[in-house]
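Structural description and commentary
Chain residues, written in single-letter form:
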Amino acid sequence: MSAQREMKEKNPWPVTIIIIVIGVIAIVALVTVAVLQNMPLSQKYKYGIVLDAGSSHTALYIYEWPAEKDNNTGRVEQTHSCKVKGPGISSYASDPWKAGESLKECMKEAEMKVPGKRHHETPLYLGATAGMRLLNMENGSASDQVFQAVEGALQKFPFSFQGARILSGQEEGAFGWVTVNYLDDRLKQGLETTGALDLGGASTQISFVSSNYNGSESPSNSVTFRLYGNNYNLYTHSFLCYGKDQAMKLMLAQQTKSGPETILDPCFHPGYNETKSYSDLYNSPCVSNRKPQGAPATFTHMGRGNFQQCQEVVKKVFDFTSCKYSQCSFNGVFQPLLQGPFGAFSAYYFVMNFLNLTNTSIPLDAVRQKIKDYCATPWKQVMAQHPDVKVNYLQEYCFGATYILTLLTEGYNFTSESYSNIKFIKKIKGSDAGWTLGYMLNLTNMIPAEAPDTPPLPHAGYVSIVTLMAILLFILFLVSLRPLWRRCSKHPRII
Ligand SMILES: Nc1ncnc2c1ncn2[C@@H]1O[C@H](COP(=O)(O)OP(=O)(O)OP(=O)(O)O)[C@@H](O)[C@H]1O
């Protein structure tokens, strides 16, 4: 009986198996905890809405980011955009309530897109750009009334409305630059930044960091940022009246100085023939003081389709005669030496994309030739080739492309070499390039001034080390049981 008990006590296998099972369970539990610990709890998101009230139209953007990465390094993404039907809010000066009405459809869409339980905490901003800047210059009370109407309409929605205001040209340029560099991940990583070129309807912005600009020359062009622990001294300038639509008015004003009844415009296709009103052409503060005395009510706008002549007329809208700084772009505005890559968006993209010219490795001479051929194409043929393109856009691509090329090369001094540093872009990683994202990131303090503390090990490294250590400990434990194994193998089992 006692010999039998001794035999039972000396059989170590059940104990060993139990130890192995417990050990395996312990390893699995440890690794599971390590994997789960650092995972986002449940995917909760926060939202922000920005309305870009531009001169030509208003667009609504919804941004989304993981709630636990709020105020940190979480990637903010555009999840939805809505183009407001009709013109920009500045066009409703004589019917301000319609400006508010116009936003309702997109706002209702936003109500559907943002989860109901997040509505009240979702900030809603409206930023107006050059159209409202011009209206405000021209008629301050009309601009106030438009804002009242817009604010009244937006307050009726369940979001956290943070106000409607006009952005300065400097803000528009700087936030466009923040957007591009945030989306490209250049800020967090402290990489060389990308300059931003924005061509709107009524203004155009150029923003970039140049190592030979510290803000001392022409300080009004300087914006400083401290982002993720890096200091940036940004050069930025917004040219009011040099957006695509207002620049066209400047160009047409050049050709109608003497109040003619007909103009043969080199920037429009041969065969183009439209009757236009002088008061519509001269209705903006960019040209109103140039309206020819005694001009007839209308003029016949005919196309000639000549790129070189168009370029000559376009050049005349820039003033290259005076510069009180070490160097200027145009109109006496300081500009440091161009540096680094550039992202060109809004109308830069629309126009160059239409002409299949977004590839900037195409030599400038070939670009010119393509625009030349396009401008010379008869208007009837252009319309027949592009039945799906809105005529309002279609008629302006010849002027648009000539203006873009002239602005870049003569205005900003891009050369045949530096032209290839430009990338014509619409979106970066699914988000539209423009000032809206940078504006929201700034107002929600989403980009920290200092680099956030990062854990000493990345999550994958942490999990690997925990797994490895657990396996090693288990092997050590098994090795420590060696005397038991030996006993087991030296004494054959007695039955
Ligand atoms: N698909 C398109 N093809 C050609 N031109 C377009 C297209 N879409 C918009 N545009 C034009 O491009 C220009 C710039 O448009 P965008 O919406 O960026 O300017 P905006 O915000 O209205 O102007 P601003 O920023 O000066 O207030 C406008 O003249 C607009 O009419």
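Owing to the predicted nature of the structure, the values given are computational and were not obtained by experimental measurement. (Residues numbered from 1 in each chain as written. Predicted model: local features only at pLDDT ≥ 70, side-chain atom pairs only at ≥ 80, totals over all residues.)

Helix and strand counts for the protein come out as 17 helices and 16 strands. What you see for the protein is a C-alpha radius of gyration of 32 Å, clearly larger than the 23 Å of a compact globule of 495 residues, by over 25%. With the C-alpha coordinates of the protein rotated into their principal frame, the extents come out at 130 × 50 × 50 Å. Expressed as a percentage of contacts within the protein between residues at least 6 apart in sequence, the contacts between residues at least 24 apart total 78%. (Helix = DSSP H or I, 4+ residues; strand = E, 2+ residues; numbered from the N terminus. Rg over C-alpha atoms; globule rule 2.2 N^0.38 Å. Contact = placed C-beta atoms within 7 Å.)

Counting residues in each nonpolar core, the largest one holds 113 residues, and the members touching the most others are Val150, Met251, Ala344, Tyr348, Cys398 and Ile404. Among the elements that line this core, the one with the most residues is helix 14 (residues 397-411), at nine residues. Split by domain, the residues of this core number at least three in each of domain 2 (45-166) and domain 3 (244-424). With sequence-adjacent residues up to four places away left out, isoleucine 404 is seen in contact with Leu199, Tyr348, Val351 and Met352. (Core = buried A, V, L, I, M, F, W, Y, C linked by C-beta atoms within 7 Å. Buried ≥ 20, exposed ≤ 12 C-beta atoms within 10 Å, placed from the backbone. Domains from an automatic or database assignment.)

Let's shift gears to the packing of helix 3 (residues 96-113) against helix 5 (residues 140-155). Running from N to C, helix 3 and helix 5 point in directions that differ by 35°, and their axes come no closer than 7 Å. The interaxial crossing formed by helix 3 with helix 5 has right-handed handedness. Judged by residue contacts, Pro96, Trp97, Ala99, Gly100, Glu101, Leu103, Lys104 and Met107 of helix 3 engage Gln145, Val146, Gln148, Ala149, Val150, Gly152, Ala153 and Leu154 from helix 5. A per-class count over the contact of helix 3 with helix 5 returns 10 nonpolar, four polar and two charged. (Axes fitted to C-alpha atoms, helices over the stretch in contact; angles between N-to-C directions. Left-handed = near helix turned anticlockwise from the far one by under 90°. Nonpolar A, V, L, I, M, F, W, Y, C, P; charged D, E, K, R; others polar.)

For helix 3, which comprises 18 residues, the first-to-last C-alpha distance of 27 Å matches the rise-based estimate of 26 Å (1.5 Å per residue) to within 8%. Maximum bend of helix 3: about 35°, positioned at glutamate 105. Among the residues of helix 3, Pro96, Ala99, Gly100, Ser102, Leu103, Cys106, Met107 and Ala110 are the ones counted as buried. (Expected span 1.5 Å × (residues − 1). Bend = angle between axes of the 7 residues up to and from the residue.)

This brings us to the sheet that holds strand 2 (residues 58-66). An order of 3-2-1-4-5 is seen for the five strands of this open sheet, with the pairing classed as mixed. The open sheet has two edge strands, strand 3 (77-83) and strand 5 (160-166), and neither has a second partner. Between one strand and the next, the sheet's axes are offset by a mean angle of 15°, whatever the strand orientation. Pairing of strand 1 (residues 45-53) with strand 4 (residues 123-128), which is carried by five bridges, proceeds in the parallel orientation. Note that in strand 4 the partner of isoleucine 49 across the bridge is leucine 124. (Pairing = 2+ DSSP bridges.)

Let's shift gears to the site of the ligand. In the neighbourhood of the ligand, 19 residues make up the surrounding shell, with Gly54, Ser56, Gly200, Gly201 and Ser346 lying closest. Listed by contribution, the elements that provide at least two residues to the shell around the ligand are helix 4 (130-138), helix 7 (244-255) and helix 10 (347-354). For the shell around the ligand, the class distribution of residues is five nonpolar, 12 polar and two charged. In this structure, the shell around the ligand is formed jointly by two domains, domain 2 (45-166) and domain 3 (244-424), each of which donates at least three residues. (Near = placed C-beta within 6 Å.)

Another point: the pairing of strand 4. Counting buried residues along strand 4, five of its six residues qualify, which places the element largely inside the surrounding structure. Sheet analysis places strand 4 next to strand 5, joined by five bridges and oriented parallel. Considered in strand 5, the bridge of alanine 128 is made with isoleucine 166.

This part covers the sheet that holds strand 12 (residues 298-303). Pairing is mixed in the open sheet, where three strands are placed in the order 10-12-11. Taken across any chain shown, the strands that pair with only one partner, and hence form the sheet edges, are strand 10 (262-265) and strand 11 (273-277). Geometrically, the sheet is characterised by an average inter-axis angle of 30° between neighbouring strands, direction not taken into account. Strand direction decides the pairing type here: strand 11 and strand 12, joined by five bridges, are antiparallel. Residue pairing across strands places serine 277 opposite threonine 298, the latter belonging to strand 12.

So, on to the environment of alanine 67. Within the fold, alanine 67 resides in the loop between strand 2 and strand 3. C-alpha of alanine 67 to C-alpha of threonine 409: the two residues are 342 residues apart in sequence and 45 Å apart in space. Look past the residues within four positions of alanine 67 in its chain and what remains in contact with it is Lys44, Tyr45 and Lys46.

The next subject is the confidence of the model for the protein. Mean pLDDT for the protein: 92, with 91% of residues reaching 70 or above. Under the prediction, the complex receives an ipTM of 0.99, its pTM being 0.87. (pLDDT = per-residue confidence, 0-100.)

Let us look at the UniProt feature "active site" (unreviewed entry) in the protein. Under the feature "active site" (unreviewed entry), the UniProt entry names Glu172. Take glutamate 172: it is sitting in helix 6 (residues 169-183). In this structure, glutamate 172 is in contact with Thr129, Leu167, Gln205, Ser238 and Trp435, ignoring residues within four places of it in sequence. (UniProt positions renumbered as here; feature names shortened; annotations may be inferred.)

This paragraph deals with the packing of helix 10 against helix 14. With their axes 9 Å apart at the nearest point, helix 10 and helix 14 run at an angle of 115° to one another. As for the relative orientation of helix 10 and helix 14, their crossing is left-handed in sense. Taking contact as the criterion, the partners of Ala347, Tyr348, Val351, Met352 and Phe354 in helix 10 are, on helix 14, Tyr397, Gly400, Ala401 and Ile404. Classifying every residue of the contact of helix 10 with helix 14 by side-chain character gives eight nonpolar, one polar and no charged.

Looking at the element boundaries, leucine 355 is found in the loop between helix 10 and helix 11 (364-376). Note on leucine 355: 16 C-beta atoms within 10 Å, which makes it partly exposed. Once you skip the residues sitting within four places of it in the chain, leucine 355 turns out to touch Lys370, Ile371, Tyr374, Tyr397 and Ala401.

Okay, the environment of phenylalanine 354 next. Examined against the element boundaries, phenylalanine 354 turns out to sit in helix 10. Placed 43 residues apart in sequence, phenylalanine 354 and tyrosine 397 show a C-alpha to C-alpha distance of 7.9 Å.

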